Amino acid sequence: MSVLELTAVSKRFGGLQALSDISLSVSPGEVLGLIGPNGAGKSTLVSCITGVLRIDGGAIRFGDRDIQRMPQHRRARGGIARTFQKVRLADQLTVYENVAAGLASHWFARASGWASVFQPLSAGGIAQSVNRTLERVGLTDVSGAVVKSLPFGRRHFVEIARAIVSEPKLLLLDEPATGLTEDERERLAALVQGIAAAGCAQLLIEHDLELVGRLCHRVTVINQGHHIFTGTPAMAQSEPEVIRAYLGMNQLIGGGSDDARR
Amino acid sequence: MSRRVLPIAAVVVLAGLPLTFGAFWINMVITALIFSLAVFSINLLTGLTGLLSFGQAGFVGIGAYTLGVLAKQGYPPMLAGFYGVLLAMLCGFLLGLPAARLKGHYLAIGTLGFGILVYQLLTNSVDITRGPMGLIGIPTGGIDKQTWYLIMLAVCVAMLAALAYIDRYSALGVVLKMVRHDEIAAQASGINTFAVKLIAFTVSAGIAGLSGALFAAYVRFLTPDLFNEQESFRYMMMAVVGGIGSPLGGVVASVMLTMIPEGLRALGEDNLRLLVYGTMVLFVLWFLPTGIGGLVERLRK
């Protein structure tokens, strides 16, 4: 039984067919890599899964429910968490406060939660979850530090902490390794494996193919909005269509326009 | 220890001082504190959600006239005031439905329109509000000014304490800050940002309505001119001078901006007085772009 299942999803922007006929599925504890050259439609796909965009065709199932009509915040409450390519944290708040916000924001789903949001930030229930999560991602030492004061790489981890503190069923990681030091990259790898071991399904978008090969159980490759391959990372390397698509991508990266495009 | 005692003693003395004032000045302080609730309602809306409202006097008017009209028909003033707050909240909710989808200047214009609409209704529904003739003799007398002052002090302190708690210590505070800082991240964390704005509109309207109800009960005389768009701008100005996001600054600003123009009457001629007043406000914003609240924050650090 998969956590997330996309069937023949398509999305148009005016005359541009951004996604056509994309199908994929992620199971509990699985890490699915989503790779493809720039402009392939990876970010569009993430937006369709989280509910920022509505799909034009196909179906998105999350657990046993159709969610393509569900608004974004309800999908998040249902257990779809994400991080962003460009980190989106409240810079002037502390690490602890950012993570606590990720926890408390889920309480509005039930009437009983409305009373709990008035409890102090230091209350037992909040402190326990937040501190446990901070320990998992290795941020205990900077719990009280303002996000603005953290080096850039560590902010990625704050975002991951904010996403997993509510114990989601599915975690979407949008290029989490960008700008990380070698040490941090290794910590990220261990973290992703730990999250998977806890049974959370993960969709990993990443340009670092070495990391993808190491962490992902399967990879889905898309190019120009089309699905071109799904299989193990090892199989992907010998798939002619993937190689063709990636020759183009390497040229793009080599040309240095990778970041300029965002 | 003495570093804490001294400011507390100063605040207590300062808070007690108006009790020794003559009728004219204590009257001024009481109305300033009543206005500060309206300023506070702007602060709440703008400071917490980034939404601007230029129609806040409309909600104040709804609260005031509901109490005035109902109390004159024999309802107990407390109940009439309660209905005033409820009606203001209902209007805030209904205005919020379209307005919370608007952004920036569109929202400002939308709320301005609401303020004008309420003003016109108050002016023209002569059968109910007596229009420009004014609503006279609201039966809420019998409380002396010293008691009124203490009531208003208690209301303001309670409001400030509640907000300070929510803002600084509660889980709700960080959630609201997340919404203000980044709506996209907030939605991705499961927050219905539209609902948050709608609630902010409703609560803010309720507090403005409370301000109006207290004003009606205290002054016992209402005309529509007390709730026109000029008043909305005055509240906005007080909120800005006090510092958006700083309720305490808002209270200080509304007391200062109410009393200073009166004190300047010593200068005599009306135009000169307003010129000095306007220049003072400009200088505050020049040297304290974050308002009085920003100054307090800086001193604390």
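Residues numbered from 1 in each chain as written. Chains lettered and ligands numbered in written order. Predicted model: local features only at pLDDT ≥ 70, side-chain atom pairs only at ≥ 80, totals over all residues.

## Comments concerning the domain arrangement of chain A
Residues and elements named next belong to chain A. You can read the domains of chain A as domain 1 (1-79 + 168-224) and domain 2 (89-167). Computed over C-alpha atoms, the centres of domain 1 and domain 2 are 23 Å apart. On the side of domain 2, 13 residues touch domain 1, which itself brings 12 residues to the contact. The leading source of residues in the side of domain 1 that touches domain 2 is helix α7 (residues 182-197), at 5 residues. In terms of residue class, the side of domain 1 that touches domain 2 is built from 6 nonpolar, 3 polar and 3 charged. (Domains from an automatic or database assignment. Contact = placed C-beta atoms within 7 Å. Helix = DSSP H or I, 4+ residues; strand = E, 2+ residues; numbered from the N terminus. Nonpolar A, V, L, I, M, F, W, Y, C, P; charged D, E, K, R; others polar.)

## What to know about the nonpolar core
Residues A:Val99, A:Ala100, A:Ala161, A:Leu204 and B:Val175 are the most contacted members of the largest nonpolar core, which totals 165 residues. Here this core gathers at least three residues from each of two domains, domain 1 (1-79 + 168-224) and domain 2 (89-167) of chain A. Not counting chain neighbours up to four residues away, the residues in contact with A:Val99 comprise A:Val130, A:Thr133, A:Leu134, A:Val158, A:Ala161, A:Arg162 and A:Val165. (Core = buried A, V, L, I, M, F, W, Y, C linked by C-beta atoms within 7 Å. Buried ≥ 20, exposed ≤ 12 C-beta atoms within 10 Å, placed from the backbone.)

## Regarding helix α5 (residues 124-137) of chain A
Residues and elements named next belong to chain A. End to end, α5 covers 20 Å across 14 residues, agreeing with the expected 20 Å (1.5 Å per residue, within 8%). Those residues of α5 that sit buried are Ile-126, Val-130, Thr-133, Leu-134 and Val-137. What you see down the axis of α5 is that its buried residues fit within an arc of 100 degrees, all on one side. Summarising the geometry of α5, the exposed residues directed more than 90 degrees from the buried face are Gly-124, Gly-125, Gln-128, Arg-132 and Glu-135. Among the residues trailing α5, Gly-138 stands out with phi positive, at a value near 75 degrees. (Expected span 1.5 Å × (residues − 1). Arc of directions from axis to C-beta.)

## Thoughts on the environment of A:Arg88
With respect to the element layout, A:Arg88 can be found in the loop between β6 (80-82) and α3 (95-104). Between the alpha carbons of A:Arg88 and A:Val192 there is a distance of 20 Å; along the sequence they are 104 residues apart. Not counting the four nearest positions on each side in its chain, A:Arg88 is found in contact with B:Asp182, B:Ile184 and B:Ala185.

## Some words on unusual backbone geometry
All names here are of chain A. If you check the backbone angles, Gln-224 has positive phi at about 50 degrees while not being a glycine. Structurally, the position occupied by Gln-224 is in the loop between β9 (218-223) and β10 (226-231). Under the C-beta neighbour-count criterion, Gln-224 is labelled partly exposed, with 16 such atoms within 10 Å.

## Thoughts on the packing of α3(A) against helix α6 (residues 152-164) of chain A
All names here are of chain A. Here α3 crosses α6 at 30 degrees, and the two axes come no closer than 7 Å. Judged on the interaxial angle alone, α6 and α3 are roughly parallel. Once α3 is placed against α6, the crossing between them reads as right-handed. Of the residues in α6, those in contact with Val-95, Asn-98, Val-99 and Gly-102 of α3 are Val-158, Ala-161, Arg-162 and Ala-163. Of the residues contributing to the contact of α3 with α6, the split by class is 5 nonpolar, 2 polar and 1 charged. (Axes fitted to C-alpha atoms, helices over the stretch in contact; angles between N-to-C directions. Parallel < 35°, antiparallel > 145°, perpendicular 65-115°, else oblique. Left-handed = near helix turned anticlockwise from the far one by under 90°.)

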